[in-house]
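Reading the structure
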Amino acid sequence: MNRFKSILLGGILAAASITAFSYNANAAEVQYRHDNFNRVAFDRREAREQRFHELRERQAREQRFRELRERQARERRFRELRERQARERRFRELRERRAYDR
């Protein structure tokens, strides 16, 4: 009878050990999937934030470039206006000298 109890108790312990091991293995698999899902979600969020940051930087560079081009165009128009005014002034002065010399 003791042998039977011992075998029965060993079987119950073995079954409990297998159940606990299986439960732990399943829990570890669930935890791994959960961690992997979180890592993938984190990586995707990081990638999305990186793309957003790069887009903002590119837009800022393009805006600065547009402003630079506009400023250069204004400066060129201003320079051309000053040059035209100087030519007109020299032309007037020359015309006045010729009129005075006659």
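Here the residue numbering is sequential within each chain, running from 1 through the sequence in written order. Only residues with pLDDT of at least 70 are given local features in this predicted model, and only at 80 or more are side-chain atom pairs given and counted; all residues enter the totals for whole chains, interfaces and linings. Calculation of side-chain values draws on the structure's entire complement of heavy atoms; hydrogens and water are dropped beforehand.

Some remarks on the overall build of the chain
Worth spelling out the cut-off: Only runs of H or I of at least four residues qualify as helices and only runs of E of at least two qualify as strands under DSSP, and these elements are numbered from the N terminus. Only C-alpha atoms enter the radius of gyration; for comparison, a globular chain is expected to reach 2.2 Å times N to the power 0.38, where N is the number of residues. The classification of residues rests on relative accessible area computed with a 1.4 Å probe and restricted to protein chains. Under 20% of the type maximum is buried, over 50% is exposed, and intermediate values are partly exposed. Areas reported as accessible are Shrake-Rupley estimates using a 1.4 Å probe. Residue values count occlusion only from the protein chains shown. Only four residue types enter the tally: Lys and Arg on the positive side, Asp and Glu on the negative side; His and the chain ends are excluded. In this description, the location of a charge corresponds to atom NZ of lysine, CZ of arginine, CG of aspartate or CD of glutamate.
Counting its regular elements, the chain contains one helix and zero strands. Since a compact globule built from 102 residues should have a radius of gyration of about 13 Å, the 43 Å found for the chain marks it as more spread out than a globular shape. In terms of its C-alpha atoms, the chain occupies a principal-axis envelope of roughly 150 × 10 × 5 Å. Buried residues in the chain amount to 2% of all 102 residues. Approximately 10100 Å² of the chain is accessible, and the part contributed by carbon and sulfur atoms is 54%. Of the side-chain charges in the chain, 29 are positive and 17 negative, and the distance between the mean point of each set is 2 Å.

Notes on the pattern of salt bridges
Quick reminder of the rule: Whenever a carboxyl oxygen of Asp or Glu lies within 4 Å of a side-chain nitrogen of Lys or Arg, that contact is scored as a salt bridge.
Scanning the entire structure with this criterion turns up six salt bridges. Two residues, Arg-71 and Glu-75, come together in a salt bridge whose shortest N-O distance is 3.3 Å. You can see Arg-71 and its partner Glu-75 sitting in helix H1 (residues 2-101), four residues apart, about one turn around the helix. The class of Glu-75 is partly exposed, set by a relative accessible area of 39%.

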